[in-house]
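# Coordinates in review
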Amino acid sequence: KASINSFRKNKVLFWVNTYNNDTTKPLTLTNFIQLHQIPLERFYKTFTWNSLLLEAGKTTTKSRFENELKRAVYKKWLATDSFTYFSFIEKIANKGLKVCVDNLNYIEQQMALMFYYDLFQNAGYYQSLQAMFDDLSTDEFVVNELREVIGLLKNRCEAYEKSDNSALMNFPLKLHGVYTKDQILVAVGTSTLEKKSPCREGCERNKNLNVEAMFVDIIKDREEGSNTNYNDFAINETLFNWETQNSVSPQTKTGQNYINETQTMLLFVRQQDSFPEDKGRTMGFTYLGEVKLVKWQGAKPIEIVWRLKTPMPASMLKIAKHRSVG
């Protein structure tokens, strides 16, 4: 713990330069991280492996995608818990990112688009996923580091993923996996290579697929010092109490969609917006699958009780039962 708290750039550079004094293993990211027990959160907040080696004089070439990879690991993948998604990235990394997109199935192509947004954040950076892979594969440093760091991330996975239980065909997310909002927006089809969804609300609807994703923060930022009672919480492992936006009444189109169950409703829940120990990183959402209406009451907002088709994990139930008391 003292070593982690005293994590400094000069110390890490010293560790690199004295590495061969401590072990006979090759100097790789995996071996280095394991030798000094460095949390990936601390490491990728400051470095990439390539940038560290460059600064330590162990290489003279800088990766063209250093900033993109650092941001993807620190901001996206350390908030993701999906063995399936990481296994896909590992698979393409082991091929040196020499990927023929046309040979990928639909789900793999969707995960490739999730990968694109993890790295590049915005639409239009490449004209096609093929162009992205063709470009990335020419940078041996990003390929090698990606292969290693994805292996480390994959080994950290704790979510017990299950097959998707929704009515959607070829949905790329696994039930009970943990995903960032950007990854989810790709999965529900509102973020494409040409256009990124501007979603800023607690819901995202794809009219073409007739699906709506609900994003729930159990602990709201504004609850601190507030006496407001927010009614988004788990009643038990299969029932979830949820409130619509304040503008929604039973007479509105949105309200009618909920009451008459005219669309597929998917529930995504997280404890809160950002990690308590690191406000610079946002938490991922646990995918709790498709839900069905049990009952509703009120207006502006409408209060709804949803029934989960699959019970939520006990770990999420403990978090989701939190309720602000006025």
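Further up the page is the structure itself.
Just so it is clear, the model here is predicted, and its values are computed rather than measured.

What follows concerns the overall build of the protein. Along its length, the protein carries 14 helices and 10 strands. Over its C-alpha atoms the protein spans a radius of gyration of 22 Å, differing by no more than 12% from the 20 Å that the globule rule assigns to 326 residues. Structurally, the protein occupies a C-alpha span of about 70 × 50 × 30 Å along its principal axes. Relative to its full complement of 326 residues, the protein shows a buried share of 54%.

A word on the packing of aromatic side chains. One pass over the structure, following the stated rule, counts 20 aromatic pairs. Geometrically, the ring pair formed by Y19 and F32 is tilted, given 6.4 Å between the ring centres and 45° between the ring planes. Of this pair, Y19 sits in helix 3 (residues 19-22) while F32 is found in helix 4 (residues 29-36), placing the two residues 13 residues apart along the sequence. The same class applies to Y19 as to F32, namely buried. Consider the rings of Y125 and Y126, whose centres lie 5.1 Å apart with planes at 65°: the pair is edge-to-face. Among the aromatic residues, those joined into a cluster by ring pairs are F65, Y116, Y117, F120, Y125 and Y126. The ring of F215 carries the charged tip of K181 above its face, separated from the ring centre by 4.7 Å. Over the ring of F275 we find R281, and its NZ or CZ is 4.1 Å from the ring centre.

Attention now moves to the side chain of D182. Take D182: it is sitting in helix 12 (residues 181-187). Within the local environment of D182, its side chain forms a polar contact with the side chain of K76, the two groups lying 2.9 Å apart. The residues contacting D182, other than those within four sequence positions of it, are K76 and K196.

Another point: the pattern of salt bridges. Pairs may arise between side chains of opposite charge once their charged atoms sit close together. The final tally for this structure, using the stated rule, is 13 salt bridges. Between R64 and D135 there is a salt bridge, with the nearest N and O atoms lying 2.9 Å from each other. Here the residue R64 occupies a position in the loop between helix 6 (49-55) and helix 7 (66-76), and D135 occupies one in helix 10 (residues 129-136), the gap between them amounting to 71 residues. What makes R64 partly exposed here is its relative accessible area of 49%.

Let's shift gears to unusual backbone geometry. Backbone phi values are negative for most residues with the exception of glycine, while trans is the configuration of most peptide bonds. In this chain, K300 is followed by P301 through a cis amide linkage whose omega measures 10°. Mapped onto the secondary structure, P301 falls in the loop between strand 9 (285-297) and strand 10 (303-308). Phi at H176 is positive, roughly 75°, even though this residue is not glycine. Here H176 shows up in the loop between helix 11 (140-156) and strand 1 (178-179).

Taken residue by residue, helix 10 has L129, M132, F133 and L136 as its buried positions. One face of helix 10 carries all of its buried residues, which in axial projection span an arc of 95°. In this fold, the buried residues of helix 10 make contact with helix 8 (83-94), helix 9 (106-120) and helix 11.

A few words now on the pairing of strand 3 (residues 211-217). Within strand 3, 7 of the 7 residues are buried, which leaves the element mostly enclosed by the surrounding structure. Alternating positions in strand 3 separate into two faces, V211, A213, F215 and D217 on one and E212, M214 and V216 on the other, with burial throughout. Where strand 2 (residues 203-206) and strand 3 come together, 4 bridges link them in antiparallel fashion. Pairing of C203 across the sheet is with M214, part of strand 3. Sheet topology places strand 3 next to strand 6 (residues 264-270); 7 bridges connect them, and they run parallel.

Relative to the assigned elements, S166 resides in the loop between helix 11 and strand 1. Here the side chain of S166 touches D164 through a polar contact of 2.6 Å, side chain to side chain. Among the polar contacts made by the side chain of S166, one reaches the main-chain amide nitrogen of L168 at a distance of 3.2 Å. Not counting the four nearest positions on each side in its chain, S166 is found in contact with L266, Y287 and E290.

Definitions and cut-offs
Residues numbered from 1 in each chain as written. Predicted model: local features only at pLDDT ≥ 70, side-chain atom pairs only at ≥ 80, totals over all residues. Heavy atoms only, no water. Helix = DSSP H or I, 4+ residues; strand = E, 2+ residues; numbered from the N terminus. Rg over C-alpha atoms; globule rule 2.2 N^0.38 Å. Buried < 20%, exposed > 50% of the residue type's maximum accessible area, 1.4 Å probe, protein only. Phe/Tyr/Trp six-rings, centres within 6.5 Å; stacked < 30°, edge-to-face > 60°. Lys NZ or Arg CZ within 6 Å of the ring centre and 35° of its normal. Polar contact = N/O pair within 3.5 Å; in protein donor to acceptor, adjacent residues only side chain to side chain. Contact = heavy atoms within 4.5 Å. Salt bridge = Lys/Arg side-chain N within 4 Å of Asp/Glu carboxyl O. Arc of directions from axis to C-beta. Pairing = 2+ DSSP bridges.

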